[in-house]
Structure formats: C-alpha cells, structure tokens
Amino acid sequence: MKSKNWKKNLIAAGVLVTVCAGIYLNWLYSGGEAKDLNDTLDAQKVMSDDMLILDGTVEVGTQLDTATDYFSAVRLSRQQARDSAVTLLQETMASGTDAEVSTSNNQLEEIVQTALCEAQIESLVIAKGYTDCVAYMNEEGISVAVASPEGGLQQQDVALIADIVMTQSGQTYEQIRVVEVK
C-alpha cells in the first residue's frame, strides 16, 4: 500500500511541478508584470457580454467581432489572472513564514486543480461537437460559455453540458451556469 501511495504522490508532484514551470515560463516570456488581482479575478468582468477587461489598461468594447474573439479574450484574461496569482504566491513562498508558505502552497494547488478541471470540461464539451467553450470556476459555482450551435442551445444541450460539468467538477446543478455565445 505504501508503495502505491508513494508513486501517486510522486506523479502528482511531477504534474504540479510541470504545470508550475509552464505557468512560470509563460509569465517570464510575457513580460513578467504583476497585475492587481482584484481587477483581473473579478468574475463579472471576465464573463460579461457587454465588456471584457483584459488587464488594467486594455479594454475591449461593447461587442467582440466574433465568438472566436470572445473565447480567445476570455482564455487570455483567465490565464493572465492565474499567472498573476501564481507570481504572488511564489513571492510569498520565497519570503514568507512557514504558515504563509503552507497556505500559499495550498492555494497554488487549488489553482492547478481548478485549471485542470476547467480544461477537462472544455475539452469534453468540444468533443461533444460544440465549436468552442470556456469554463470559469469560482467559489459560488461554474460558468460555461458555449459557442451557439446552429439553431441555438436547446434544453438537451444544456443538460449534456451540465452533466459534463457535474461529472468533472462535483458541482451541483444549481451551481452551474451555461451561457450561449452567439
């Protein structure tokens, strides 16, 4: 039994290190500027149809040209927010007390788990035949924006997407919000 747990922990640690290294390299090559997390993690700004704020200085107007632009912009905004959060956590881990390091490590683990869950949901929704999808998880639940299929989203589409989300995330039906992007 101990041998199996050790192997699982080693694999989990390897995945965590790989994801953190990828995030760090992304941050390093994107200029390494830390942004205010209160601005970048605001779910209303990320998922709004009216306005999408990518960072503190760039604002995309009332409607994006295409659904593809919308999904790209939301993914970019989400990645920038995560990069900023990881940077702050890494700074805390480098210079913090043992309690701060432990808390930062737990938060970093949560970020990685959230990112993996969102990626799995997006992949499965796209695999079911939808053109594009982006998932955004927070404490209250999960929002899934899906490119509008021909004829619009029907009840069976929403049920299928909700089933995928519930299976992958453990969220209840009441915690899931499906948004159609036209």
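Below: a short report on this structure.

**Remarks on the overall build of the protein**
Each helix and strand in the protein was counted, giving 6 helices and 5 strands. The buried share of the protein, reckoned over its 182 residues, is 32%. At a minimum sequence separation of 6, the contacts of the protein that also span at least 24 residues come to 54%. Accessible area of the protein: about 11100 Å², with a carbon and sulfur share of 53%.

**A few points about the packing of aromatic side chains**
Here the structure, examined in full by the defined rule, presents 1 aromatic pair. Between Tyr 70 and Phe 71, the aromatic rings sit 5.5 Å apart at their centres with planes inclined by 80°, giving edge-to-face as the arrangement. Across this residue pair, the class does not change: Tyr 70 and Phe 71 are buried.

**Details of the pairing of strand β5 (residues 176–181)**
Strand direction decides the pairing type here: strand β4 (residues 141–147) and β5, joined by 6 bridges, are parallel. The partner of Val 146 across the bridge, within β5, is Glu 180. In this fold, β4 hands off to helix α6 (residues 155–169), which returns the chain to β5; that crossover is right-handed.

**Observations regarding a negative patch on the surface**
A cluster of acidic residues, Glu 109, Glu 110, Glu 139 and Glu 140, forms a negative patch on the protein surface. The residue Glu 109 is located in helix α5 (residues 98–127) in this model. The class of Glu 109 is partly exposed, set by a relative accessible area of 39%.

**With respect to the pattern of salt bridges**
Pairs can form between side chains of opposite charge once their charged atoms are near each other. Under the counting rule described, the total for this entry stands at 4 salt bridges. Here the residues in one salt-bridge network are Arg 78, Arg 82, Glu 118 and Glu 122, joined through shared partners.

**Section: the packing of α5 against α6**
With their axes 10 Å apart at the nearest point, α5 and α6 run at an angle of 150° to one another. By the criterion of interaxial angle, the relationship of α5 to α6 is roughly antiparallel. Relative to α6, α5 is oriented so that their crossing is right-handed. Packed against α5, whose contacting residues are Cys 117, Gln 120, Ile 121, Leu 124 and Val 125, the element α6 presents Ile 161, Ile 164, Val 165, Gln 168 and Ser 169 at the interface.

**A closer look at α5**
For an α-helix, 3.6 residues make a turn, and residues three or four places apart therefore share a direction. When the terminal C-alpha atoms of α5 are compared, their 43 Å separation across 30 residues agrees well with the 44 Å that a helix rising 1.5 Å per residue should span. Buried within α5 are the following residues: Ser 104, Leu 108, Ile 111, Val 112, Cys 117, Glu 118, Ile 121, Glu 122 and Val 125. In the stretch just after α5, Gly 129 is the one whose phi turns positive, near 110°.

**Here we look at the sheet that holds β4**
Taken in spatial order, the 3 strands line up as β3-β4-β5 in an open sheet, and their pairing is mixed. The two strands at the open ends of the sheet, each matched to only one other strand, are β3 (133–138) and β5. Within the sheet, the average angular offset between the axes of one strand and its neighbour, ignoring direction, is 15°. On the sheet, helix α4 (residues 67–95) packs against β3, β4 and β5 and is oriented at approximately 35° with respect to β3.

**Remarks on the nonpolar core**
Counting residues in hydrophobic clusters, the biggest one holds 16 residues, and the most contacted among them are Ile 121, Val 125, Ile 142, Val 144, Ile 161 and Val 165. For this core, the elements supplying multiple residues, two or more each, are α5, β3, β4 and α6. Here this core takes 4 residues from α6, the largest share from any one element. Discounting chain neighbours no more than four positions away, the residues touching Ile 161 are Val 125, Tyr 130, Val 144, Val 146, Leu 153 and Val 178.

What counts and what doesn't
- Residues numbered from 1 in each chain as written.
- Predicted model: local features only at pLDDT ≥ 70, side-chain atom pairs only at ≥ 80, totals over all residues.
- Heavy atoms only, no water.
- Helix = DSSP H or I, 4+ residues; strand = E, 2+ residues; numbered from the N terminus.
- Buried < 20%, exposed > 50% of the residue type's maximum accessible area, 1.4 Å probe, protein only.
- Contact = heavy atoms within 4.5 Å.
- Areas by Shrake-Rupley, 256 points an atom, 1.4 Å probe, with all protein chains shown as cover.
- Phe/Tyr/Trp six-rings, centres within 6.5 Å; stacked < 30°, edge-to-face > 60°.
- Pairing = 2+ DSSP bridges.
- Right-handed = clockwise from strand over helix to strand, strands pointing away.
- Patch = residues over 30% accessible without salt bridge, like charges linked within 9 Å, V, L, I, M, F, W, Y side chains within 5 Å.
- Salt bridge = Lys/Arg side-chain N within 4 Å of Asp/Glu carboxyl O.
- Lys, Arg positive; Asp, Glu negative; His and termini not counted.
- Charge placed at Lys NZ, Arg CZ, Asp CG, Glu CD.
- Axes fitted to C-alpha atoms, helices over the stretch in contact; angles between N-to-C directions.
- Parallel < 35°, antiparallel > 145°, perpendicular 65-115°, else oblique.
- Left-handed = near helix turned anticlockwise from the far one by under 90°.
- Expected span 1.5 Å × (residues − 1).
- Core = buried A, V, L, I, M, F, W, Y, C linked by side-chain atoms within 4.5 Å.

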